[in-house]
Amino acid sequence: MSPDDLARAGLRLDLDLDGALATVTLDRPEKRNAQTPTMWRALAALGADLPGSVRVVVLRGAGASFSAGLDRSLLLPGGAPDGVEAVGDLFALDDAAMAATIADYQAGFTWLHDPRFVSVAAVHGHAIGAGFQLALACDLRVVTDDVGFSMKESVLGLVPDLGGTKPLVEAVGYARALELCATARTVQGPEAVAIGLALRSVPADALDAAVQELVAALLGPAPEVVTETKALLQGAAGRELAEQCRLEREAQVRRFRALGAGGPG
Ligand SMILES: CC(C)(COP(=O)([O-])OP(=O)(O)OC[C@H]1O[C@@H](n2cnc3c(N)ncnc32)[C@H](O)[C@@H]1OP(=O)(O)O)[C@@H](O)C(=O)NCCC(=O)NCCSC(=O)C[C@@H](O)C[N+](C)(C)C
């Protein structure tokens, strides 16, 4: 996607460190980076087009908040201007078409699980509803102490449907995930770390430095090592021990072959 296409969808992409770092910025600060179907489709296209050089993706929000979630002006049927895709359009679809459209929306989130890179959400201000789910789509979250995570879908009579429920359960466990989704209560930085939702919570003015430090550490090992390790760990909880051991062996054989006769170092 061109920079103009991305800008029209409320996004910006910057490539740094010789293409190893992709920073995706939600760039509708005047609307607290409220998300739209157009943005989700652009995120999916951006993920599909990402150069092979990218080893870390950082997702951040411009302005006061990471993301205030779904653009609520697009929720009611007929609420959007002509030509603008709205979540409210779903009401007119039959069940299969509605589910297929939601699958398209989910693709804007699920690409962040790709083992080719590690994804990091830098979260400040608010991460509400779809904003919370976008942060959850990333492998790692670094947050500010005053951040407010809230899974607000229940207040709208909806469920979280942008791929957020699985990583939420994996991060905080079933009971805490249920409590957060059902009550929509707000979790701030220190609690987010305590319950496993975030890696680290820092004062707002230290967020960029904390993310930079993490990115540098993630870029330390050889790219294939991080990719193999992410793939191993991602599926570990769902596998039998014997299967996991088999996959470890296979990955290690590939590593030994890649290292060659000289061995590590
Ligand atoms: C985030 C917030 C706490 C920030 O407060 P603030 O005091 O810093 O800023 P503000 O003055 O409230 O907002 C600044 C501007 O940002 C706009 N804005 C803020 N959140 C928005 C939103 N979600 N949609 C559209 N505009 C939004 C405000 O209307 C306003 O626009 P204006 O200047 O033109 O008046 C406050 O704006 C707020 O509560 N926003 C609403 C949050 C909300 O309920 N989001 C929906 C979450 S649920 C959700 O995401 C459902 C989704 O997953 C469902 N599905 C999967 C089916 C798609």
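Residues numbered from 1 in each chain as written. Predicted model: local features only at pLDDT ≥ 70, side-chain atom pairs only at ≥ 80, totals over all residues. Heavy atoms only, no water.

Domain annotation for the chain reports domain 1 (3–218) and domain 2 (223–259). Taking only C-alpha atoms into account, the centre of domain 1 sits 28 Å from that of domain 2. Of the residues lining the interface, eleven residues belong to domain 1; the matching set on domain 2 comes to six residues. For the domain 1 and domain 2 pair, buried surface summed over both sides reaches about 610 Å², with 53% attributable to carbon and sulfur atoms. When the buried surface of domain 1 facing domain 2 is broken down by residue, Arg55, Pro115 and Val118 rank first, second and third, together holding 62% of it. Inspection of the region where domain 1 meets domain 2 yields one salt bridge. Measuring nitrogen to oxygen at the nearest pair gives 2.6 Å for the salt bridge that ties aspartate 139 to lysine 230. In this structure, the connection of domain 1 to domain 2 is made through six residue pairs in polar contact (both at pLDDT 80 or more). Here the side of domain 1 that touches domain 2 is composed, by residue class, of five nonpolar, two polar and four charged. (Domains from an automatic or database assignment. Contact = heavy atoms within 4.5 Å. Buried area = accessible area lost by both parts, 1.4 Å probe. Salt bridge = Lys/Arg side-chain N within 4 Å of Asp/Glu carboxyl O. Polar contact = N/O pair within 3.5 Å; in protein donor to acceptor, adjacent residues only side chain to side chain. Nonpolar A, V, L, I, M, F, W, Y, C, P; charged D, E, K, R; others polar.)

Take the site of the ligand next. Lys31, Ala68, Arg72, Glu153 and Asp161 are the nearest of the 21 residues found near the ligand. At a separation of 3.0 Å, an oxygen atom of the ligand approaches a polar side-chain atom of arginine 32. Between an oxygen atom of the ligand and a side-chain N or O atom of glutamate 153, the distance comes to 2.5 Å. Compared with its free state, where it exposes 1100 Å², the ligand has 67% of that area covered by protein. Elements represented by at least two residues in the shell around the ligand include exactly strand E5 (126–128) and helix H4 (130–137). For the shell around the ligand, the per-class residue count stands at nine nonpolar, four polar and eight charged. (Near = heavy atom within 4 Å. Areas by Shrake-Rupley, 256 points an atom, 1.4 Å probe, with all protein chains shown as cover. Helix = DSSP H or I, 4+ residues; strand = E, 2+ residues; numbered from the N terminus.)

With that settled, the discussion passes to the packing of aromatic side chains. Tallied over the full model, the rule gives four aromatic pairs. When the ring of tryptophan 40 is compared with that of tyrosine 105, the centres are 5.0 Å apart and the planes differ by 55°; the resulting orientation is tilted. Of the two residues, tryptophan 40 sits in helix H2 (residues 37–49) while tyrosine 105 sits in helix H3 (residues 95–110), which places them 65 residues apart along the sequence. For the pair shown, tryptophan 40 and tyrosine 105 are each scored as buried. Among the aromatic residues, ring-to-ring pairing joins Trp40, Tyr105 and Phe109 into one connected group. (Phe/Tyr/Trp six-rings, centres within 6.5 Å; stacked < 30°, edge-to-face > 60°. Buried < 20%, exposed > 50% of the residue type's maximum accessible area, 1.4 Å probe, protein only.)

Further remarks concern the environment of alanine 130. Within the secondary structure layout, alanine 130 lies in helix H4. Taking the relative accessible area as the measure of exposure, alanine 130 reaches 4% and is therefore buried. Discounting residues that sit within four places of it in the chain, alanine 130 has contacts with Gln35, Trp40, Gly69, Leu70, Phe109, Glu153 and Leu162.

Here the focus is the pairing of strand E4 (residues 118–123). Among the six residues that make up E4, six are buried, leaving the element largely enclosed by the rest of the structure. Every second residue of E4 is oriented toward a common face, with Val118, Val120 and Ala122 on one face and Ser119, Ala121 and Val123 on the other, all of them buried. Pairing of strand E3 (residues 56–61) with E4, which is carried by four bridges, proceeds in the parallel orientation. The residue of E4 that forms the bridge with valine 57 is serine 119. For the crossover from E3 across H3 to E4, the handedness is right-handed. Sheet analysis places E4 next to strand E6 (residues 140–144), joined by four bridges and oriented parallel. (Pairing = 2+ DSSP bridges. Right-handed = clockwise from strand over helix to strand, strands pointing away.)

Let's shift gears to the pattern of salt bridges. All chains considered together, the criterion is met by 16 salt bridges. When the shortest N-O distance is used, the salt bridge between arginine 185 and glutamate 179 registers 2.5 Å. Exposure remark for arginine 185: the relative accessible area of 25% places this residue in the partly exposed category. Residue glutamate 179 is classed as partly exposed on the basis of its relative accessible area of 23%. The network of salt bridges with shared partners includes Arg176, Glu179, Arg185 and Glu191.

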